[in-house]
Amino acid sequence: MNIYYSEIQEKIMSSELDILDVFNRFIGGTFDRKGFCKCPFHGEKTPSFKLFRNNKSFYCFGCGTGGNIINLVSKALNISYFEAMKRLDEDYSLGLFEKSIKTDMRRSKEAVETARKQLKHEQLQIKRRNNYFKLIDYFKELREMPLNQAVSHDLTFVERLLDKWLLYGNEPFDGIPENFNADALICALKSKFINEEVENGERN
Ligand SMILES: [Zn+2]
């Protein structure tokens, strides 16, 4: 039984419904002074069927049939447990199904939304972490290079970016947009060196 069913069941069990009233509506019978009635579910001469109004249940000491108020309707009308809940809801205007369906839909929407946000957050963290490691690699690469103005500029630039990263962790912060792409940046920074090399005739 899923949450939806069990919620409705709980609401029926904790409602003001009286099992005697339900019994009289769907089955009907005469109870003796001790509260016994002839069992509607098996033939008998001596009444051994009893209702327990305090917990909305019934039991037959003759045939052993028993259950709660929903089981009673289910057995009496020969319908499923779920159909019995619907029947009680309709006949007694409990309004449980309408509300539950709405609640259920709202909850699923909320769950989907939460999962979507969580996934987005995790993806963003992975992206930022990858960017961070790429920047570190590039920083190491720069430090291996012979120092000139361009290398020095990039070293300072990348170092500042890394500082920001360490300062703000994985949270979004000013200066580094959500869609920051370390590959693109590094590629742009590197192209400068390649151009310089070409200009200096170091490449052929
Ligand atoms: Zn019985």
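All of the points below concern the structure found in this document. (Residues numbered from 1 in each chain as written. Predicted model: local features only at pLDDT ≥ 70, side-chain atom pairs only at ≥ 80, totals over all residues. Heavy atoms only, no water.)

### Focus: the side chain of N68
Then, number 1: Along the polypeptide, N68 turns up in strand β4 (residues 66-68).
Then, number 2: A distance of 2.8 Å separates the side chain of N68 from the backbone nitrogen of I70, its partner in a polar contact.
Then, number 3: Here N71 takes part through its backbone nitrogen, which lies 2.8 Å from a polar atom of the side chain of N68.
Then, number 4: Not counting residues within four places of it along the chain, the set of residues in contact with N68 comprises M13, K56, S57, F58 and Y81. (Helix = DSSP H or I, 4+ residues; strand = E, 2+ residues; numbered from the N terminus. Polar contact = N/O pair within 3.5 Å; in protein donor to acceptor, adjacent residues only side chain to side chain. Contact = heavy atoms within 4.5 Å.)

### A word on the sheet that holds strand β2 (residues 49-52)
Then, number 1: The four strands lie next to each other as β1-β2-β3-β4, forming an open sheet whose pairing is antiparallel. Two strands bound the open sheet, and with one partner strand each, they are β1 (36-37) and β4.
Then, number 2: The pairing of β1 with β2 spans two bridges and is classified as antiparallel. Note that in β2 the partner of C37 across the bridge is F49.
Then, number 3: Along the sheet face, helix α3 (residues 69-77) touches β2, β3 (57-60) and β4 and points at about 120° away from the line of β4. (Pairing = 2+ DSSP bridges. Axes fitted to C-alpha atoms, helices over the stretch in contact; angles between N-to-C directions.)

### A short note on the coordination of the zinc ion
Then, number 1: On the protein side, the zinc ion has C39 (SG), H42 (ND1), C60 (SG) and C63 (SG) as donor atoms, found 2.1 to 2.2 Å from it.
Then, number 2: Angles of 101 to 125° at the metal separate the four donor atoms of the zinc ion, which places the site in the tetrahedral class.
Then, number 3: One chain supplies every donor to the zinc ion, and in sequence these donors are spaced C-x2-H-x17-C-x2-C. Placement of the pair is H42 in the loop between β1 and β2 and C63 in the loop between β3 and β4, with a sequence separation of 21 residues.
Then, number 4: For C63, a relative accessible area of 34% puts it in the partly exposed group. (Donors = N, O, S within 2.8 Å, 3.2 Å for Na, K, Ca; no water. Tetrahedral: all angles 85-135°; square planar, octahedral: opposite > 155°, others 65-115°. Buried < 20%, exposed > 50% of the residue type's maximum accessible area, 1.4 Å probe, protein only.)

### Here we look at unusual backbone geometry
Then, number 1: One non-glycine residue with positive phi stands out, namely K56, at about 55°.
Then, number 2: Along the polypeptide, K56 turns up in the loop between β2 and β3.
Then, number 3: Relative accessible area serves as the criterion here: at 8%, K56 is assigned to the buried category.
Then, number 4: Positive phi, normally seen in glycine, also occurs at N78, with a value near 55°.

### Side note on the nonpolar core
Then, number 1: In terms of nonpolar packing, the biggest core is built from 24 residues, with I12, V22, F49 and L88 touching the most fellow members.
Then, number 2: Going through the elements one at a time, α1 (3-13), α2 (19-26), β2, β3, α3, α4 (81-91) and α5 (96-144) are the ones with two or more residues in this core.
Then, number 3: When residues no more than four places from it in sequence are discounted, the contact partners of V22 are L17, I27, I69, V73, L88 and Y92.
Then, number 4: Among the nonpolar cores identified, the runner-up in size contains 17 residues, and A150, L155, L162 and L189 belong to it. (Core = buried A, V, L, I, M, F, W, Y, C linked by side-chain atoms within 4.5 Å.)

### Digging into α4
Then, number 1: Inspection of α4 places A84, M85, L88 and D89 among the buried residues, and these make up the whole buried set. The buried residues of α4 occupy one face: seen down the axis, they fall within an arc of 140°.
Then, number 2: Immediately downstream of α4, the backbone of S93 shows phi near 45°, a positive value. (Arc of directions from axis to C-beta.)

### Focus: the pairing of β2
Then, number 1: Sheet topology note: the β2/β3 ladder contains four bridges and is antiparallel. The residue bridging L51 from the neighbouring strand is F58, located in β3.

### Details of the packing of aromatic side chains
Then, number 1: Per the stated rule, a full pass over the model turns up ten aromatic pairs.
Then, number 2: Ring centres 5.5 Å apart and planes at 75° place the aromatic pair F82 and F97 in the edge-to-face group. Within this pair, whereas F82 is found in helix α4, its partner F97 is found in helix α5, the two being separated by 15 residues in sequence.
Then, number 3: Cluster of aromatic residues (ring-pair linked, three or more members): F23, F31, F41, F49 and F58.
Then, number 4: Across the ring face of Y92, the terminal group of R25 is positioned such that the distance to the ring centre comes to 4.8 Å. (Phe/Tyr/Trp six-rings, centres within 6.5 Å; stacked < 30°, edge-to-face > 60°. Lys NZ or Arg CZ within 6 Å of the ring centre and 35° of its normal.)

### A word on the environment of L189
Then, number 1: Positionally, L189 belongs in helix α7 (residues 182-199).
Then, number 2: Classification of L189 as buried rests on a relative accessible area of 9%.
Then, number 3: For the pair formed by L189 and A150, sequence separation is 39 residues and the distance between their alpha carbons is 9.1 Å.
Then, number 4: Non-local contacts of L189, meaning those with residues more than four positions away in its chain, are made with Y138, D154, F157 and V158.

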